[in-house]
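# Residue-level structural notes
Spelled out from the first residue to the last, the chains are:
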Amino acid sequence: MFDLENIIRENIKRLTPYSSARDEYNGAAQIFLDANENSFGSPLERDYNRYPDPLQTEIKEIIAARNGVAPNEIFVGNGSDEAIDLLVRIFCEPSRDNVLICPPTYGMYEVSANINDVEIKCVNLTTDFQLDFDEVKSAIDQNTKVIFICSPNNPTGNSLDRFEILKLLKDFNGIVAVDEAYIHFSTEKSFVSEIKNYPNLVVLQTFSKAWGLAGLRVGLALANEKTIELFNRVKPPYNVSQIAQEAILRALGNQTAVEETIAKIIREREKLIENLNDFSFVEKVYPSDANFVLVKTTNADAIYRFLIGEKIVVRNRNNVELCAGCLRVTVGTPPEMERLLQSLKSCETKSEKTQIS
Ligand SMILES: Cc1ncc(COP(=O)(O)O)c(C=O)c1O
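Okay, so let's go over this structure. (Residues numbered from 1 in each chain as written. Predicted model: local features only at pLDDT ≥ 70, side-chain atom pairs only at ≥ 80, totals over all residues. Heavy atoms only, no water.)

The next thing to look at is the site of the ligand. Taken together, 13 residues are adjacent to the ligand, and Ser80, Asp179, Tyr182, Thr206 and Ser208 come closest. At 3.1 Å from an oxygen atom of the ligand is found a main-chain nitrogen or oxygen belonging to Asp81. Between Asp179 and the ligand, the recorded distance is 2.6 Å, taken from a side-chain N or O atom to a nitrogen atom. Compared with its free state, where it exposes 390 Å², the ligand has 92% of that area covered by protein. Residue classes in the shell around the ligand are distributed as 4 nonpolar, 5 polar and 4 charged. (Near = heavy atom within 4 Å. Polar contact = N/O pair within 3.5 Å; in protein donor to acceptor, adjacent residues only side chain to side chain. Areas by Shrake-Rupley, 256 points an atom, 1.4 Å probe, with all protein chains shown as cover. Nonpolar A, V, L, I, M, F, W, Y, C, P; charged D, E, K, R; others polar.)

Let us look at the packing of helix α4 (residues 57–67) against helix α10 (residues 242–252). Contact geometry of α4 with α10 gives a least axis separation of 9 Å together with a crossing angle of 30°. The orientation of α4 relative to α10 falls into the category roughly parallel. Crossing of α4 over α10 shows left-handed handedness. Between α4 and α10, the contacting residues are Glu58, Ile59, Ile62, Ile63 and Arg66 on the first element and Gln245, Ile248, Leu249 and Leu252 on the second. Residues that form the contact of α4 with α10 fall into these classes: 6 nonpolar, 1 polar and 2 charged. (Axes fitted to C-alpha atoms, helices over the stretch in contact; angles between N-to-C directions. Helix = DSSP H or I, 4+ residues; strand = E, 2+ residues; numbered from the N terminus. Parallel < 35°, antiparallel > 145°, perpendicular 65-115°, else oblique. Left-handed = near helix turned anticlockwise from the far one by under 90°. Contact = heavy atoms within 4.5 Å.)

Here we come to the pairing of strand β11 (residues 326–330). With respect to burial, β11 is a largely interior element, 4 of its 5 residues being buried. Relative to β11, strand β9 (residues 292–297) is paired through 5 bridges, and the arrangement is antiparallel. Across the sheet, Val295 pairs through a bridge with Leu327, a residue of β11. Bridge count for strand β10 (residues 315–316) against β11 is 2 bridges, and the pairing is antiparallel. Pairing of Arg315 across the sheet is with Arg328, part of β11. (Buried < 20%, exposed > 50% of the residue type's maximum accessible area, 1.4 Å probe, protein only. Pairing = 2+ DSSP bridges.)

What helix α12 (residues 300–309) keeps buried is the set Ala300, Ala302, Ile303, Phe306 and Leu307. For α12, the angular spread of buried residues about the axis comes to 165°, placing them on one side. Away from the buried face of α12 by more than 90 degrees, exposed residues Arg305 and Gly309 are located. One or two residues past the end of α12 sits Lys311, with phi positive at roughly 65°. (Arc of directions from axis to C-beta.)

Quick look at the packing of aromatic side chains now. Taken as a whole and judged by the stated rule, the model has 9 aromatic pairs. Geometrically, the ring pair formed by Phe75 and Phe231 is tilted, given 5.0 Å between the ring centres and 35° between the ring planes. Note that Phe75 is positioned in strand β1 (residues 74–77) and Phe231 in helix α9 (residues 225–234), a separation of 156 residues in sequence. Taken as a pair, Phe75 and Phe231 share a single burial class, namely buried. Judged by centre distance (4.5 Å) and plane angle (5°), the ring pair of Tyr109 and Phe148 falls under stacked. Of the two residues, Tyr109 is situated in helix α6 (residues 108–115) and Phe148 in strand β4 (residues 144–150); the sequence distance between them amounts to 39 residues. According to the relative accessible area criterion, Tyr109 is buried, its value standing at 0%. By relative accessible area, which is 1% here, Phe148 ends up buried. Chaining the aromatic ring pairs together yields one cluster made of Tyr106, Tyr109 and Phe148. Taking the ring centre of Phe133 as reference, the NZ or CZ of Lys167 above it sits at 4.2 Å. (Phe/Tyr/Trp six-rings, centres within 6.5 Å; stacked < 30°, edge-to-face > 60°. Lys NZ or Arg CZ within 6 Å of the ring centre and 35° of its normal.)

Counting residues in each nonpolar core, the largest one holds 79 residues, and the members touching the most others are Leu131, Phe207, Leu272 and Leu340. Of all the elements, helix α11 (residues 255–276) adds the most residues to this core, at 6 residues. In this structure Phe207 touches Ile63, Gly212, Leu213, Ala214, Val218, Leu220, Ile248 and Leu252, once residues within four positions along its chain are discounted. The next biggest cluster of nonpolar side chains, apart from the first, holds 33 residues, and it includes Ile7, Ala83, Cys150 and Phe231. (Core = buried A, V, L, I, M, F, W, Y, C linked by side-chain atoms within 4.5 Å.)

A separate point is the environment of Lys350. Its place among the elements puts Lys350 in helix α13 (residues 334–354). For the pair Lys350 and Phe306, spaced 44 residues apart in sequence, the C-alpha to C-alpha distance is 9.8 Å.

Moving on to unusual backbone geometry. Following Ser151, the chain continues into Pro152 via a peptide bond in cis, with omega recorded as -5°. In this structure, Pro155 follows Asn154 across a cis peptide bond, with omega equal to 15°. Along the polypeptide, Pro155 turns up in the loop between β4 and α8 (162–171). Positive phi, close to 70°, is recorded for Leu322, a residue that is not glycine. Assignment of secondary structure puts Leu322 in the loop between β10 and β11. A residue is classified by how much of its surface remains accessible, and Leu322, at 35% relative accessible area, is partly exposed.

Function-wise, these values are silent; they only describe arrangement.
Listed below in structure tokens is the structure:
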């Protein structure tokens, strides 16, 4: 049986969180002299002299209403990378506990664990990039606190089998973090609706991808109230800036534009997949539920270098497990995709002449 109390790090259980001035008083005073802010204002066209809402109340109310969850089931962070780091820090005792990841996958799970001196258990995805469920089950031990599942997965682009993730949620007595950074580009259903059914589920989402707001650094964790309370206890008091909060609120008011962008990206993705398949050096274009495509080529290093020469940068995944020969290409605008395809044509012509492929 999953019991949150059993898996929280001891020092976090005992932690008295920082109590900010706004935590202690958030009423409607006329003069605020409690937070050592600068009452004289800012050297800008508008003032940023006051600390922002530590709990991002307005943002959470809107996201809660749109996702059928309560505001206190949402954590807003400095990117979802903050939520990944918090998961490790809240649940894993350094030098004792471990997290489980399924490579090839997003690199920050491993980096966050390493920063926190937490062991990483790796169970590779299968060759068709699905969970190796039995291997995952047998790798879990009593010190496994968090399993990171990325779906749609970076860098492979596919969604993981929903049924297997649900099975893991049922079987595992620790946290299953389902990273849905790319969910908006997929036809798969989000796991957010499962939060009420699984107290060990944490869903990660971000404003960096479909919302086109990577520069603001805003991401989300959605989970049951008790887990979110732990996030709030451990996070820095003012983790999302005033500018970011205001911009997110404006963006949330423009959902239609986001939906249009998503549709455009999906259209470009499908065109890109079709076009890439025509190149002689392309062995396979993997199907994608994300805003990028993984392409297996005959010579990833040479193509990567050629594109750099053309001032186009893609991600070389040649040295990543199960991704030998692969490049990961983000879907760009139509002119960007046109330039990419033209450059790949030149690369193909050159390789035919020099027989390098
Ligand atoms: C799977 C996955 N999760 C999380 C992130 C980080 O998102 P954020 O910008 O919200 O920190 C990325 C960024 O590339 C990602 O690929």
